[in-house]
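Secondary and tertiary structure notes
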Amino acid sequence: MAVTPRRVGTAARAARLAQRQGALVVLVVLCLVAAGAFDTFATSGNLTNIAVQASFLAVIALGMTFVIFTGGIDLSVGSVFALGGVLAAYASQYGTLAALALPLAVCGAIGLVQGLIIARGGLEPFIVTLAGLLFARGLLLLVTDSGRNTYDVPVGSAFREIAQGSILGVRHPIWIVVVLYAVGTLVLHRTSYGPTVLAIGGQRDAAELMGLPVARARVLTYVASALLAGSAGVMIASYTSSGVPIIGIGTELQAIAAVVLGGTLLTGGAGTVLGTLVGVLLLQVIANVINQLSLAQAWQAVVQGTILLGVVVAQRYLARAERR
Amino acid sequence: MAELSTPTPSASAPAAAPAEPGPEPRPRRRLDGEWLRRYGVYVALGLLVAINLVITPNFLTVSNLRLQLVQVSPVLIVALGMAMVIGTGGIDLSVGAVIALSATLIPLYIGYGPLVAILVALAVGVATGALAGTVVARVGVQPIVATLALLVGLRGVANLAGDRIRPIRDPFLRGLGTGTLLGVPYVVVAAVVATVVVWFVLGRTTTGRQLVAVGGNLRAAALAGLPVKRVLTSVYVASGLLAAVAGVLLAARLQAVNSASLGQLAELSAITAVVVGGTPLTGGQVRVLGTVAGALLLQLLSSTLIAQGQSDAVTQLVQAVIVVAAVYVQFGSRRTR
């Protein structure tokens, strides 16, 4: 419209900031309100609780972020997460090393097969990982005798320390998230893999014509996503000292929601790693506040769905404002 | 056949197509490629039926066939709506939650009479579809995100509304769920009617042509002056309505509604049926009969495996492999990278 170029620049910058950091603004406001409203919210115990509870989804969503950077999607992570947990708990009777190696090997293999079918076979990520969701859940049912077996981690096993221990007073899962997101940010900004992934999402044909290793990068992305989902499973098996077969249903949707809330476009080609972490924390804080209000569990879904819709609609309007 | 597609050069004519005028030369028949892509799902379905005729005792009995059809009907009804949405290049993840919400409302409104309850349930489907369609078409949010938000939120609303499992004792609804018309269950009749209506709308009306045009190339459709936003909105309304129909039928058949579990993962079954039926996720093409065959194939596959004494685990593993194989046969060879 008829505004001076200078004002357009400022408005566009503000709009871009709000689009990228909208979830952060909502998160901060929500935390401030919650801290004012409940004495129990801003306690170190509750905040630690939120962070630990969020850590599993955070690890899964990190892998999803890179998949979505390439313009793909990974619907299998919820099942792979559950499978990783069950395999870790099962293998923990043979030692901590086995409890780490078995789930990561199996989950990595699932990611590799998915990645190869997508990148080399040219099939839609949506449908391949949808099949992966079924496949991993089927494997899990095989391992657990149709979900009837819950494997327990032996008492005194060092494996329990992985998610139950703490360093410098900070619980291990929080450290794991901090380290993984630091690595993720470095990979995105300091290695050639990061720009390659974004270029694939931006325009795959162009990325290929530029000679970027498109197929390899795509395969790697799905392997990483499955490995991270499996790692989250290992973490939760260690945290709960057992392999629960029924977890992870709908987790892929939570992970996608977190990535979208973090300002990453599902079309790929743009986004941030830390935004995803903000999205995960926002979902977890909502859950925590609903608990504090002692409302029915169902409100959690209603509020999360509403905020997700509100944020993406706002993002669209802000993106339009930016273009003007 | 109910195959509709926009003439995209990559799909219809390979690079070798001659540009000379005159009668078009007959394209060479390639049994492995185009033929398999087009009829693969029917062949697979036929094969599975044949296998069942041999190995499953009592397969060809009225009661078994009726059971199969009754079970597949809600999935098929949802898949038809999904096929239209996918035809526009979109996706509707909210259908499972819409099923749950519409079914949950039935016991709550049954006091006003069964027709009122059904109308409320269907109206909710239309309303949620209109919301999804508006957010997708007018605001421009990606379909997968918009309907994902609805999936999460509407399931929450359904759980709030139906805080416990509620039985349905209304005789009219029970009749709807268990009654038959000339030996055919009403549920199956509804699925057949829905199939015919969707087939007619897509194949014989302007709206159907516009729908595949929008899916084939949205910009071109907009530049050609098609009412893109109205078409996009209406497919989500149709999908929401069909999901609500499935919800009503499920509530009537099960005679009880559990808002937490009803319609769980129905979106994935519907998408699978559509894609296995030969409709590409990229849009611009809808295969209605393929979707019917896809839904039947998946239903028969799982019931066959269960009849053979296989566990859920094996059933899911086989389904996963079949889905990838089916999609690979139909779409994998188009892009060889």
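Nothing here was measured: the structure is a model prediction, and the numbers come from that model.

Considerations on the overall build of chain B
The helix and strand inventory of chain B stands at 14 helices and 6 strands. The buried share of chain B, taken over its 337 residues, is 48%. Here the contacts in chain B between residues at least 6 apart in sequence split such that 79% fall between residues at least 24 apart.

Concerning the nonpolar core
General note: in soluble globular proteins, nonpolar side chains tend to be found buried as a group. Grouped together as the largest cluster of nonpolar side chains are 210 residues, with contacts concentrated most on Val59 and Ile60 of chain A together with Val78, Ala79 and Ile106 of chain B. When residues no more than four places from it in sequence are discounted, the contact partners of isoleucine 106 of chain B are Ala117, Ala121, Ile168, Leu173, Val248, Ala251 and Val257 of chain B.

Section: the interface of chain B and chain A
Listed per partner, the contact involves 41 residues of chain B and 40 residues of chain A. At the level of elements, helix H5 (114–139), helix H6 (143–161), helix H12 (266–276) and helix H14 (312–331) of chain B are the ones that each hand at least two residues to the side of chain B that touches chain A. For the side of chain B that touches chain A, the leading source of residues is H6 of chain B, giving 14 residues. For the side of chain B that touches chain A, the residue count by class is 25 nonpolar, 11 polar and 5 charged.

With respect to the confidence of the model for chain B
Atomic detail in the predicted coordinates should be set aside for any region of low pLDDT. Residue and element names in this part refer to chain B. Per-chain confidence: chain B averages 85 in pLDDT, with 88% of residues scoring 70 or above. Segment residues 6–22: pLDDT under 50, and 10 contacts once partners within four positions in sequence are set aside and those in other chains are kept. Scoring of the predicted complex yields 0.84 for pTM and 0.79 for ipTM.

Side note on unusual backbone geometry
Even without a glycine there, the phi angle at serine 241 of chain A is positive, about 55 degrees. Its location among the elements puts serine 241 of chain A in the loop between helix H10 (214–240) and strand S4 (242–243). Within the chain, asparagine 58 of chain B stands out as a residue other than glycine whose phi angle is a positive 65 degrees. Positionally, asparagine 58 of chain B belongs in the loop between helix H2 (34–55) and helix H3 (62–87).

Some words on the packing of helix H11 (residues 251–261) of chain A against helix H12 (residues 273–292) of chain A
Residue and element names in this part refer to chain A. Two elements in contact, H11 and H12, have axes separated by 7 Å at closest approach and are oriented at 120 degrees. Taken together, the axis directions place H11 and H12 in an arrangement best described as oblique. Like other packed secondary-structure pairs, H11 and H12 cross with a definite hand, here right-handed. Of the residues in H12, those touching H11 at Gln254, Ala257, Ala258, Val259 and Leu261 are Thr276, Gly279, Val280, Leu282 and Leu283. Partitioned by chemical class, the residues of the contact of H11 with H12 number 7 nonpolar, 3 polar and no charged.

Quick notes on H11 of chain A
Counting buried positions along H11 of chain A gives 10 out of 11 residues, so the element sits mostly inside the fold. Of all the positions in H11 of chain A, only Thr251, Glu252, Gln254, Ala255, Ile256, Ala257, Ala258, Val259, Val260 and Leu261 of chain A are classed as buried.

Here's the deal with H3 of chain B
Residues and elements named next belong to chain B. Spanning 26 residues, H3 covers 35 Å between terminal C-alpha atoms, matching the ideal 38 Å at 1.5 Å per step. Of all the bends in H3, the largest measures some 35 degrees and sits at serine 73, one to four residues before the proline proline 74. Looking one or two residues past H3, glycine 89 carries a phi angle of roughly 85 degrees, positive in sign.

Let's talk about the packing of helix H5 (residues 125–143) of chain A against H14 of chain B
Direction vectors running N to C along H5 of chain A and H14 of chain B enclose 160 degrees, while the axes themselves pass 7 Å from each other. By the angle between their axes, H5 of chain A is roughly antiparallel relative to H14 of chain B. Handedness of the H5 of chain A/H14 of chain B crossing: left-handed. Only Asp312, Ala313, Gln316, Leu317, Gln319, Ala320, Val323, Val324 and Val327 of chain B of H14 of chain B make contact with H5 of chain A, whose side of the interface consists of Ile127, Val128, Ala131, Leu134, Phe135, Arg137, Gly138, Leu139, Leu141 and Leu142 of chain A. By residue class, the composition of the contact of H5 of chain A with H14 of chain B is 14 nonpolar, 3 polar and 2 charged.

Criteria and cut-off values
Residues numbered from 1 in each chain as written. Chains lettered and ligands numbered in written order. Predicted model: local features only at pLDDT ≥ 70, side-chain atom pairs only at ≥ 80, totals over all residues. Helix = DSSP H or I, 4+ residues; strand = E, 2+ residues; numbered from the N terminus. Buried ≥ 20, exposed ≤ 12 C-beta atoms within 10 Å, placed from the backbone. Contact = placed C-beta atoms within 7 Å. Core = buried A, V, L, I, M, F, W, Y, C linked by C-beta atoms within 7 Å. Nonpolar A, V, L, I, M, F, W, Y, C, P; charged D, E, K, R; others polar. pLDDT = per-residue confidence, 0-100. Axes fitted to C-alpha atoms, helices over the stretch in contact; angles between N-to-C directions. Parallel < 35°, antiparallel > 145°, perpendicular 65-115°, else oblique. Left-handed = near helix turned anticlockwise from the far one by under 90°. Expected span 1.5 Å × (residues − 1). Bend = angle between axes of the 7 residues up to and from the residue.

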